[in-house]
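Residues per chain, in single letters:
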Amino acid sequence: MRCAICYRKAKGYGWFNPRLKPSDPNRYSDKWVFCSRRCQDAFCLLMTKTEARMIDPSDMELAAMRACLSPLGEYVGSIGMERPLADYTREEVLALIDVVVTAYQDQMIEEHEIMAAKDRAFLEERLARQGQTSPKGVPF
Ligand SMILES: [Zn+2]
């Protein structure tokens, strides 16, 4: 089990949603485990701020995160893999954020365009089928 905050090995710290009844299965999650009190507190603060509405990323969001890896690696490689983040200039950090956010948004737009194209194709096929049958339909 990995810590939900830092991905180190979880060590017996957990969390449950006190807003839900004990009988509600969403009150608990095996993903809400932590390595330390510090990570547990960070998660607790986040859940309090978001009123426990934080949700797991969708498959589309996970794909968008993975799409950031290559541009992120390229950017970090271009300014020096061995340089610690603390040594980055403000402009370099802003450029890094821009690279990641742009890659994430581009992937999300692409996924939504693919979904929209599938919906459109489905609707056009249905309309075409209706168009074929109506002239041969029952005369009124
Ligand atoms: Zn942790």
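Residues numbered from 1 in each chain as written. Predicted model: local features only at pLDDT ≥ 70, side-chain atom pairs only at ≥ 80, totals over all residues. Heavy atoms only, no water.

What about the domain arrangement of the protein?
Next up, step 1: As assigned here, the protein comprises domain 1 (1-55) and domain 2 (59-133).
Next up, step 2: For domain 1 and domain 2, the distance between their C-alpha centres works out to 28 Å. (Domains from an automatic or database assignment.)

Examining a positive patch on the surface
Next up, step 1: On the surface, a cluster of positive charge is made up of Arg8, Lys9, Lys11 and Arg38.
Next up, step 2: Residue class for Lys11 comes out exposed when judged on its relative accessible area of 58%. (Patch = residues over 30% accessible without salt bridge, like charges linked within 9 Å, V, L, I, M, F, W, Y side chains within 5 Å. Areas by Shrake-Rupley, 256 points an atom, 1.4 Å probe, with all protein chains shown as cover. Salt bridge = Lys/Arg side-chain N within 4 Å of Asp/Glu carboxyl O. Lys, Arg positive; Asp, Glu negative; His and termini not counted. Charge placed at Lys NZ, Arg CZ, Asp CG, Glu CD. Buried < 20%, exposed > 50% of the residue type's maximum accessible area, 1.4 Å probe, protein only.)

Regarding helix H1 (residues 37-49)
Next up, step 1: Compared with the 18 Å implied by 1.5 Å per residue over 13 residues, the 18 Å span of H1 between its first and last C-alpha is a close match.
Next up, step 2: Where H1 is concerned, the buried positions are Cys39, Gln40, Phe43 and Met47. One side of H1 carries all its buried residues, which in axial view fall inside an arc of 100°. What points out from H1, more than 90 degrees from its buried face, is the exposed set Arg37, Arg38, Leu45, Thr48 and Lys49.
Next up, step 3: Of the residues flanking the end of H1, it is Glu51, one or two places downstream, whose phi is positive at about 55°. (Helix = DSSP H or I, 4+ residues; strand = E, 2+ residues; numbered from the N terminus. Expected span 1.5 Å × (residues − 1). Arc of directions from axis to C-beta.)

Re the pattern of salt bridges
Next up, step 1: Considering all chains together, one arrives at 3 salt bridges under this definition.
Next up, step 2: Across the salt bridge formed by Arg37 and Asp41, the nearest N and O atoms sit 3.3 Å from each other. Taken together, the positions of Arg37 and Asp41, both in helix H1 and 4 residues apart, correspond to about one turn of that helix.
Next up, step 3: You can call Arg37 exposed: its relative accessible area is 52%.
Next up, step 4: In this structure, the salt-bridge partner of Glu125 is Arg129, at a minimum N-O distance of 2.3 Å. Here Arg129 and Glu125 lie together in helix H3 (residues 90-133), a separation of 4 residues that amounts to about one turn.
Next up, step 5: Owing to a relative accessible area of 48%, Arg129 belongs among the partly exposed residues under this scheme.

Concerning the nonpolar core
Next up, step 1: Counting residues in hydrophobic clusters, the biggest one holds 9 residues: Cys3, Trp15, Trp32, Phe34, Cys35, Cys39, Phe43, Met47 and Ala52.
Next up, step 2: Put simply, the parts of the chain that give this core at least two residues each are strand S2 (28-34) and H1.
Next up, step 3: For this core, the element with the most residues is H1, which contributes 3 residues.
Next up, step 4: Counting residues in each nonpolar core, the second largest holds 5 residues, with Tyr75, Val76, Ile79 and Tyr88 among its members. (Core = buried A, V, L, I, M, F, W, Y, C linked by side-chain atoms within 4.5 Å.)

Quick look at the side chain of Glu92
Next up, step 1: Relative to the assigned elements, Glu92 resides in helix H3.
Next up, step 2: Its relative accessible area of 16% is what places Glu92 among the buried residues.
Next up, step 3: In terms of polar contacts, Glu92 uses its side chain to reach the side chain of Arg83, at 2.7 Å.
Next up, step 4: Dropping the residues within four chain positions of it, Glu92 is found in contact with Tyr75, Ile79, Arg83 and Asp87. (Polar contact = N/O pair within 3.5 Å; in protein donor to acceptor, adjacent residues only side chain to side chain. Contact = heavy atoms within 4.5 Å.)

Section: the coordination of the zinc ion
Next up, step 1: Bound to the zinc ion are the protein donor atoms Cys3 (SG), Cys6 (SG), Cys35 (SG) and Cys39 (SG), situated 2.2 to 2.4 Å from the metal.
Next up, step 2: With 4 donor atoms in place around the zinc ion and angles of 105 to 119° between them, the coordination shape is tetrahedral.
Next up, step 3: Counting gaps between the donor residues of the zinc ion yields the pattern C-x2-C-x28-C-x3-C. Here Cys3, found in the segment before strand S1 (13-16), pairs with Cys39, found in helix H1; they are 36 residues apart in sequence, far enough to count as distant. An identical accessibility class is assigned to Cys3 and Cys39; each is buried. (Donors = N, O, S within 2.8 Å, 3.2 Å for Na, K, Ca; no water. Tetrahedral: all angles 85-135°; square planar, octahedral: opposite > 155°, others 65-115°.)

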